2 protein chains.
Amino acid sequence: MSADVGLRERKKVRTRRALVEAAIRLFDEKGYERTTVDEIAAAAEVSPRTFFTYFGSKEDVLFLQAEDRLDQLVEAVAGRGPCEPLGELLLRLYDLLVQGVDDDDELDIALSTARARLLLSEPALRARGMTLMFNQQPRVAEALQRAYPDQLDLISAAAVVGGFWGATGVAGLVAQQRGDSPEEILAAGRRAIEVIVRGVGPWASPRD
Amino acid sequence: MSADVGLRERKKVRTRRALVEAAIRLFDEKGYERTTVDEIAAAAEVSPRTFFTYFGSKEDVLFLQAEDRLDQLVEAVAGRGPCEPLGELLLRLYDLLVQGVDDDDELDIALSTARARLLLSEPALRARGMTLMFNQQPRVAEALQRAYPDQLDLISAAAVVGGFWGATGVAGLVAQQRGDSPEEILAAGRRAIEVIVRGVGPWASPRD
DNA sequence: ATGAAAAGTTTCAAGGTCTGCAGATTTACA
DNA sequence: TGTAAATCTGCAGACCTTGAAACTTTTCAT
């Protein structure tokens, strides 16, 4: 239960970090596909075989914090305000999702933005991220159902979570594809949440 | 512009079909991961190299009709009823999506259900299908925006499409993971659409 | 029909990801 | 200090995927 500060643990952390940094740097320099696992391992000064004891695949090296991020999300859902409407919770979740890694016990800012850039530009990485998220949605749905037990059953909660995720994702994709700036992409995601919250049935004229 | 009924074309169709059938049969028998491309090619009596002239990857052999399906979707959106509310269109789209391949100029029923089973059970295939769909969502969003030009801008349309897709997908996933029957999974998707249509903001008590 | 052009298939070689295994190395701890 | 445990490495191999060149089949004009 303690922090495990033995030499062994410290080395492991250092190696993992070296691999991630080397990978992001090389991906950024030469592109994801033109970078090999062997090169990443060489840059981190470990054997290629060791790379795969730290990460299950070449793609996974960029998704180190994905699970932590999901945990954060689940936590935020569980700790919703006593009377917080569902819509406001969703906006809070969105801000949580798009905000950078503020805990600096992980990779520093430069790496983090490079990572974000890569996730948008490299199709293989975007696909991987989406799949990871999708597979974790049931966890979030369960948390949401627990947070609003009187209003949501499990399937409704899943619909809300999936709708949130799909709407922001596709809105962001469209915004990106038409050349919007990063800020505009974020704004598109927020608009998407408004659409989801309002619903598409009793369709009033667009607000703005 | 004609049907191209030369011997060459007929052979190509036959080979493609043989590859798809062999792949589905083998995947079903031995599982996706334990089936190699070489085995599929051998079963279809072509060289392994030829497999890759027909399909870009091992996964793609199961997504032959994916693009046609998307075209169908875009068409359905474009040809919406004159005053059809958005919510009803979405339900129609869902029925279109989940209905089997009724045109029997393609694979027969047994293969089609095996394919559906595989898409649900094999994570790699599920991920691939999701990614394919995701990447095509902007096309659907554009069609939707054109169909409702007064009510939707492009980002809102993207939000609706993405919300539809994500909600049905995650609801289906949750239903599947808790062991629901295929019919129940479909029903979960329909409930998800209701949630999206109604919106999560002015949350009344669940309808039923 | 015939022969050349076009299209499709096969063979071969190679690069890359990922896994299992055995042995070497390093760390932990009594 | 020596033994046990954890970790790293090297190696062999399976598999996916691609490029190029040779080979076969189909098409089509003459």
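These figures come from a predicted structure and were not determined experimentally.

If you check the shell around DNA strand C, you find 20 residues, and the closest are A:G6, A:S57, A:K58, B:R49 and B:T50. Those elements that place two or more of their residues in the surface near DNA strand C are helix 1 (7–30), helix 2 (37–44) and helix 3 (48–54) of chain A together with helix 1 (7–30) and helix 3 (48–54) of chain B. A per-class count over the surface near DNA strand C returns four nonpolar, eight polar and eight charged.

Our next topic: the domain arrangement of chain A. All names here are of chain A. By domain assignment, chain A separates into domain 1 (7–56) and domain 2 (66–198). Taking only C-alpha atoms into account, the centre of domain 1 sits 27 Å from that of domain 2. Listed as interface residues are six residues of domain 1 and, on the opposing side, eight residues of domain 2. Within the side of domain 1 that touches domain 2, the residues separate by chemical class into four nonpolar, no polar and two charged.

The interface is formed by 42 residues belonging to chain B together with 42 residues belonging to chain A. Elements with a minimum of two residues in the side of chain B that touches chain A: helix 5 (86–98), helix 7 (123–147), helix 8 (154–177) and helix 9 (182–198) of chain B. In terms of residue count, helix 8 of chain B provides more of the side of chain B that touches chain A than any other element does, 19 residues in total. Grouping the amino acids of the side of chain B that touches chain A by side-chain chemistry returns 27 nonpolar, 12 polar and three charged.

All names here are of chain A. With respect to the helices, strands and loops of the structure, E59 is situated in the loop between helix 3 and helix 4 (66–78). By C-beta crowding, E59 is classed as partly exposed, having 18 other C-beta atoms within 10 Å. The spatial distance from the C-alpha of E59 to the C-alpha of V98 is 21 Å, given a sequence separation of 39 residues. Setting aside residues no more than four positions away along its own chain, E59 makes contact with A124, L125 and R128.

It is worth spelling out the relation of the copies chain B and chain A at this point. The two copies are related by a screw motion: chain B maps onto chain A through a turn of 180 degrees and a shift of 0.0 Å along the axis, at an RMSD of 0.1 Å. The two molecules are tied by a two-fold rotation axis, judged by turn and shift. Same-surface contact between copies: 100% of interface residues of chain B are shared with the interface of chain A.

Now for the packing of helix 7 (residues 123–147) of chain A against helix 8 (residues 154–177) of chain A. Residues and elements named next belong to chain A. Contact geometry for helix 7 and helix 8: axes closest at 8 Å, N-to-C directions at 130 degrees. Regarding the angle of helix 7 to helix 8, the classification is oblique. In terms of crossing hand, the pair formed by helix 7 and helix 8 is right-handed. Taken together, the residues of helix 8 that come into contact with helix 7 (itself represented by M133, Q137, P138, V140, A141, L144 and Q145) are L154, A157, A158, V160, V161, G162 and W165.

Phi is positive for A:E45, which is not a glycine, with a value near 60 degrees. With respect to the secondary-structure elements, A:E45 resides in the loop between helix 2 and helix 3.

This paragraph deals with the protein's contact with DNA strand D. Of all residues adjacent to DNA strand D, which total 20 residues, the nearest are A:S47, A:T50, B:G6, B:T36 and B:S57. Residue composition of the surface near DNA strand D, by class: five nonpolar, eight polar and seven charged.

With that out of the way, let us pick up helix 9 (residues 182–198) of chain A. Its 17 residues place the ends of helix 9 of chain A 25 Å apart at the C-alpha level, agreeing with the 24 Å of an ideal helix rising 1.5 Å per residue. On the buried face of helix 9 of chain A, the contacting elements are helix 5 (86–98) and helix 8 of chain A together with helix 8 of chain B. In the segment just after helix 9 of chain A, A:G199 is the residue with positive phi, at about 90 degrees.

This paragraph deals with the packing of helix 6 (residues 109–121) of chain B against helix 7 of chain B. Residues and elements named next belong to chain B. Interhelical geometry of helix 6 versus helix 7 gives an angle of 95 degrees and a closest axis separation of 5 Å. Considered as vectors, helix 6 and helix 7 are oriented roughly perpendicular to each other. On the side of helix 6, the interface is formed by L118, L119 and L120, while helix 7 contributes L125, R126 and G129. Among the residues making up the contact of helix 6 with helix 7, the classes are represented as four nonpolar, one polar and one charged.

With 25 residues, helix 7 of chain A should cover 36 Å at 1.5 Å per step; its first-to-last C-alpha distance of 35 Å lies within 8% of that length. Along helix 7 of chain A, the largest kink reaches about 40 degrees and is centred on A:Q136; proline A:P138 follows within four residues of it. All of the buried residues along helix 7 of chain A are A:L125, A:R128, A:M130, A:F134, A:Q137, A:P138, A:V140, A:A141, A:L144 and A:Q145. Buried positions along helix 7 of chain A lie against helix 4, helix 6 (109–121) and helix 8 of chain A together with helix 7 and helix 8 of chain B.

The next point concerns the environment of B:G166. Residue position: B:G166 is located in helix 8. Looking at B:G166, the number of C-beta atoms within 10 Å reads 32, which means it is buried. Residues contacting B:G166, with those up to four places away along its chain left out, are A:G162, A:G163, A:W165, A:G166 and A:A167.

Rules used throughout
- Residues numbered from 1 in each chain as written.
- Chains lettered and ligands numbered in written order.
- Predicted model: local features only at pLDDT ≥ 70, side-chain atom pairs only at ≥ 80, totals over all residues.
- Near = placed C-beta within 6 Å.
- Helix = DSSP H or I, 4+ residues; strand = E, 2+ residues; numbered from the N terminus.
- Nonpolar A, V, L, I, M, F, W, Y, C, P; charged D, E, K, R; others polar.
- Domains from an automatic or database assignment.
- Contact = placed C-beta atoms within 7 Å.
- Buried ≥ 20, exposed ≤ 12 C-beta atoms within 10 Å, placed from the backbone.
- Least-squares fit on C-alpha atoms with pLDDT ≥ 70 in both.
- Axes fitted to C-alpha atoms, helices over the stretch in contact; angles between N-to-C directions.
- Parallel < 35°, antiparallel > 145°, perpendicular 65-115°, else oblique.
- Left-handed = near helix turned anticlockwise from the far one by under 90°.
- Expected span 1.5 Å × (residues − 1).
- Bend = angle between axes of the 7 residues up to and from the residue.

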